[in-house]
There are 2 protein chains.
Amino acid sequence: MWPPREHVKGSQTWETLDTPPELHFLKLKRSQLKVRFCTNESQKSRGDLVGLLRHMGFDISEGEVTAPAPATCLILKERGLRPHLLIHDGIRSEFAQIDTSNPNCVVIADAGESFSYQNMNKAFQVLMELDNPVLISLGKGRYYKETSGLMLDVGAYTKALEYACGIKAEVVGKPAPGYFQSALQEMGVESHEAIMIGDDIVGDVGGAQRCGMRALQVRTGKFRPSDEHHPEVKADGYVDNLAEAVDLLLQYAHQ
Amino acid sequence: MWPPREHVKGSQTWETLDTPPELHFLKLKRSQLKVRFCTNESQKSRGDLVGLLRHMGFDISEGEVTAPAPATCLILKERGLRPHLLIHDGIRSEFAQIDTSNPNCVVIADAGESFSYQNMNKAFQVLMELDNPVLISLGKGRYYKETSGLMLDVGAYTKALEYACGIKAEVVGKPAPGYFQSALQEMGVESHEAIMIGDDIVGDVGGAQRCGMRALQVRTGKFRPSDEHHPEVKADGYVDNLAEAVDLLLQYAHQ
């Protein structure tokens, strides 16, 4: 598993260009190991994300990606929930088959510019009219980096609604254990057989470990040197880039 | 002490019109008791608030009102803080004498429509650039009622910034004990000599009690019958309206 989100968004970079990650990814796919992308991307549909990754040279299809919006649609259908959507227009198509009439829950994602006072109030009012308010949050990121600077992520706005309504949101996305579990089910493997590779010490590494997986942190993207001394999460290993992670995995897989 | 905010805002009403509160307030002022308005109003300047109250028939001057914006200005000056202001235009005049160049803190108030994604990101970016980020919140209300419906209050947006930055805001306003303390100092009385009259079981009653005061809850404004069985706060008494509170106070004062 590998998290593409931060690497296709804003100013984040994969790693040094002399080790193109798409080739290492291909090497991994051609091995006997199963590979799955596990992302918290909630501004782009899975189709758009895969299109972008393919354009970057990654040999990947929609069926190999676990993303919060499709996972949320499954939950909504299972529980007969009709959402009021506070989301970015970029993922509205993911909810095309979902009944949004007479809403009985709120789904919040990284809505970007759509996090207006008016839209926040509307979502709040929907929740306050429900006897048992249900708030589903696509991830709970604090912030991310765009070329124009640091931007508030969905987690901040979820906290605002939680506080105002006196409720707790259900998170669909990393680091929620159920989200990793759904990715494992789609791969058909047990947690102790899987390893997560990610750049986020809490969201990727900590979340996967709480789900019973092992996890490597890559020293690229949002990695900070202080992550290696994080007070709560310790990765099972640290690698400089995806190339090193792939070499390590293939080496162990062949033993 | 008496909280005017909810009563001059939106659809809230004082109480039944056959007991005009301004006359009971006058009765109180003409007694030997000291009286002070203690408000969380952060969309109007103290001058505008007093103007509105006078228009409603209240015999009151700016010097008799404790409000979060002037209290915040004192704190900013004392600590050499230069704020980035995320506030409503209605209280901008309160900060006219404050140096806002090269900000080293953020002051957040009920900004209403100004709680845009852009403005929230700007406040967030200012905080993230500081070594020791200081966030001062004028009150921490969850929401209030306007004619157009329930609206998110400053507390919700403060929670968003707290979560994104991993910090805790300093609250200036009810129920912060320091805020009641400043009102008591301005009156020149000790907490055990004072009584709070308010409609908010947590913000008015609970806050005043934690400061060593006694507190009456009035069954008007945002009062709900369930407040009388609140799990954490029990008022020293409940009264139907300001008239009953004033009668009670004057009766005890004469004993």
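Note that this is a predicted model, so its numbers are computed, not measured. (Residues numbered from 1 in each chain as written. Chains lettered and ligands numbered in written order. Predicted model: local features only at pLDDT ≥ 70, side-chain atom pairs only at ≥ 80, totals over all residues. Heavy atoms only, no water.)

Asks: Just give me the short version of the overall build of chain A, but keep the residues and values in it.
Replies: In terms of helices and strands, chain A carries nine helices and eleven strands. Taken over the C-alpha trace, chain A has a radius of gyration of 18 Å; the compact-globule value for 255 residues is 18 Å, and the two agree within 12%. Considering chain A as a whole, with its 255 residues, one finds that 55% of them fall into the buried category. Residue pairs in contact within chain A that sit at least 24 positions apart in sequence constitute 62% of those at least 6 positions apart. (Helix = DSSP H or I, 4+ residues; strand = E, 2+ residues; numbered from the N terminus. Rg over C-alpha atoms; globule rule 2.2 N^0.38 Å. Buried < 20%, exposed > 50% of the residue type's maximum accessible area, 1.4 Å probe, protein only. Contact = heavy atoms within 4.5 Å.)

Asks: Go over the interface of chain B and chain A with me, naming the residues and quoting the values.
Replies: At the interface, 30 residues of chain B touch 30 residues of chain A. Between chain B and chain A, roughly 2600 Å² of surface is buried when both sides are summed, and carbon and sulfur atoms account for 65% of that area. If you sort the residues of chain B by the area they bury against chain A, Tyr-117, Leu-152 and Tyr-163 of chain B come out on top, with a joint share of 33%. At the boundary of chain B with chain A, the tally comes to ten residue pairs in polar contact (both at pLDDT 80 or more). For the side of chain B that touches chain A, the elements supplying multiple residues, two or more each, are helix 5 (117-128), strand 6 (143-146), strand 7 (149-152) and helix 6 (154-165) of chain B. (Buried area = accessible area lost by both parts, 1.4 Å probe. Polar contact = N/O pair within 3.5 Å; in protein donor to acceptor, adjacent residues only side chain to side chain.)

Asks: Residues and numbers for the pattern of salt bridges, please.
Replies: Counting across every chain of the model gives 22 salt bridges over all chains. A salt bridge links Asp-200 of chain A to Lys-222 of chain A; the shortest N-O distance between them is 3.2 Å. Note that Asp-200 of chain A is positioned in the loop between strand 9 (195-198) and helix 8 (201-210) and Lys-222 of chain A in the loop between strand 10 (214-218) and strand 11 (237-239), a separation of 22 residues in sequence. Residue Asp-200 of chain A is classed as buried on the basis of its relative accessible area of 18%. By relative accessible area, which is 31% here, Lys-222 of chain A ends up partly exposed. Across the salt bridge formed by Glu-228 of chain B and Arg-219 of chain B, the nearest N and O atoms sit 2.5 Å from each other. Assessed through its relative accessible area of 26%, Glu-228 of chain B is described here as partly exposed. Accessibility expressed as a relative area gives 31% for Arg-219 of chain B, which makes it partly exposed. (Salt bridge = Lys/Arg side-chain N within 4 Å of Asp/Glu carboxyl O.)

Asks: I'd like a description of the relation of the copies chain B and chain A, backed by residues and values.
Replies: Between chain B and chain A, the superposition needs a rotation of 180° and an axial shift of 0.0 Å, giving an RMSD of 0.0 Å. In symmetry terms, the pair is related by a two-fold rotation axis. Here 100% of the interface residues in chain B have copies in chain A that are interface residues too; the copies meet face to matching face. (Least-squares fit on C-alpha atoms with pLDDT ≥ 70 in both.)

Asks: Give a description of the sheet that holds strand 8 (residues 170-172) of chain A that names residues and reports values.
Replies: All names here are of chain A. The four strands lie next to each other as 3-4-5-8, forming an open sheet whose pairing is parallel. Each edge of the open sheet is held by one strand with a lone partner, namely strand 3 (83-86) and strand 8. With direction set aside, neighbouring strand axes in the sheet form an average angle of 25°. Bridge analysis of strand 5 (residues 135-138) against strand 8 gives three bridges, and the strand direction is parallel. Residue pairing in the sheet places Ile-136 in a bridge with Glu-170 of strand 8. (Pairing = 2+ DSSP bridges. Axes fitted to C-alpha atoms, helices over the stretch in contact; angles between N-to-C directions.)

Asks: Lay out the pairing of strand 5 (residues 135-138) of chain B in plain terms, naming residues and giving numbers.
Replies: All names here are of chain B. Here strand 5 shows a buried face lined by Leu-135 and Ser-137 and a second buried face lined by Ile-136 and Leu-138. Looking at chain direction, strand 4 (residues 105-108) and strand 5 are connected through three bridges and run parallel. Across the sheet, residue Val-106 finds its bridge partner in strand 5, namely Leu-135. Tracing the backbone out of strand 4, into helix 5 and back to the parallel element strand 5 gives a crossover that is right-handed. (Right-handed = clockwise from strand over helix to strand, strands pointing away.)

Asks: Tell me about the packing of helix 2 (residues 21-29) of chain A against helix 9 (residues 242-253) of chain A, residues and numbers included.
Replies: Residue and element names in this part refer to chain A. The geometry of helix 2 relative to helix 9 is characterised by a closest axis approach of 9 Å and an angle of 15° between their N-to-C directions. What the angle tells us is that helix 2 and helix 9 run roughly parallel. Crossing of helix 2 against helix 9: the hand is left-handed. When helix 2 is examined against helix 9, the residues Pro-21, His-24, Phe-25, Lys-27 and Leu-28 are found in contact with a partner set consisting of Leu-242, Ala-243, Val-246, Asp-247, Leu-249 and Leu-250. Class assignment of the residues belonging to the contact of helix 2 with helix 9 gives a composition of eight nonpolar, one polar and two charged. (Parallel < 35°, antiparallel > 145°, perpendicular 65-115°, else oblique. Left-handed = near helix turned anticlockwise from the far one by under 90°. Nonpolar A, V, L, I, M, F, W, Y, C, P; charged D, E, K, R; others polar.)

Asks: Give me the domain arrangement of chain A: which residues, what numbers.
Replies: When the parts of a complex come together, some accessible area is lost, and that lost area is often taken as the interface size. Split into domains, chain A comes out as domain 1 (5-40 + 175-253) and domain 2 (68-172). The C-alpha-based centres of domain 1 of chain A and domain 2 of chain A are spaced at 26 Å. (Domains from an automatic or database assignment.)

Asks: Could you give an account of helix 7 (residues 177-187) of chain A, with specific residues and numbers?
Replies: Residue and element names in this part refer to chain A. Among all positions in helix 7, only Tyr-179, Phe-180, Ala-183, Leu-184 and Met-187 are buried. End-on, the buried residues of helix 7 take up no more than an arc of 140°, which puts them together on one face. In this fold, the buried residues of helix 7 make contact with strand 1 (37-38), strand 2 (65-66), helix 4 (68-79), strand 8, strand 9 and helix 8. Once helix 7 ends, the next one or two residues include Gly-188, with phi positive near 75°. (Arc of directions from axis to C-beta.)

Asks: Describe a positive patch on the surface, naming the residues involved and giving the relevant values.
Replies: Positive charge collects at one region of the surface, where Lys-140, Arg-142, Lys-168 and Arg-210 of chain A lie side by side. Relative to the assigned elements, Arg-210 of chain A resides in helix 8. (Patch = residues over 30% accessible without salt bridge, like charges linked within 9 Å, V, L, I, M, F, W, Y side chains within 5 Å. Areas by Shrake-Rupley, 256 points an atom, 1.4 Å probe, with all protein chains shown as cover. Lys, Arg positive; Asp, Glu negative; His and termini not counted. Charge placed at Lys NZ, Arg CZ, Asp CG, Glu CD.)

Asks: Kindly report on the sheet that holds strand 3 (residues 83-86) of chain B, identifying the contributing residues and their values.
Replies: Residues and elements named next belong to chain B. A sheet is described by the order of its strands in space; here four strands give the open sequence 3-4-5-8, paired in parallel fashion. Every other strand in the sheet has two partners, leaving strand 3 and strand 8 (170-172) as the edge strands with one partner each. Mean inter-strand twist for the sheet, computed between neighbouring axes without regard to direction, equals 25°. Against the sheet, helix 6 makes contact with strand 4 and strand 5, and its axis sits at roughly 165° relative to strand 5, the strand it touches most.

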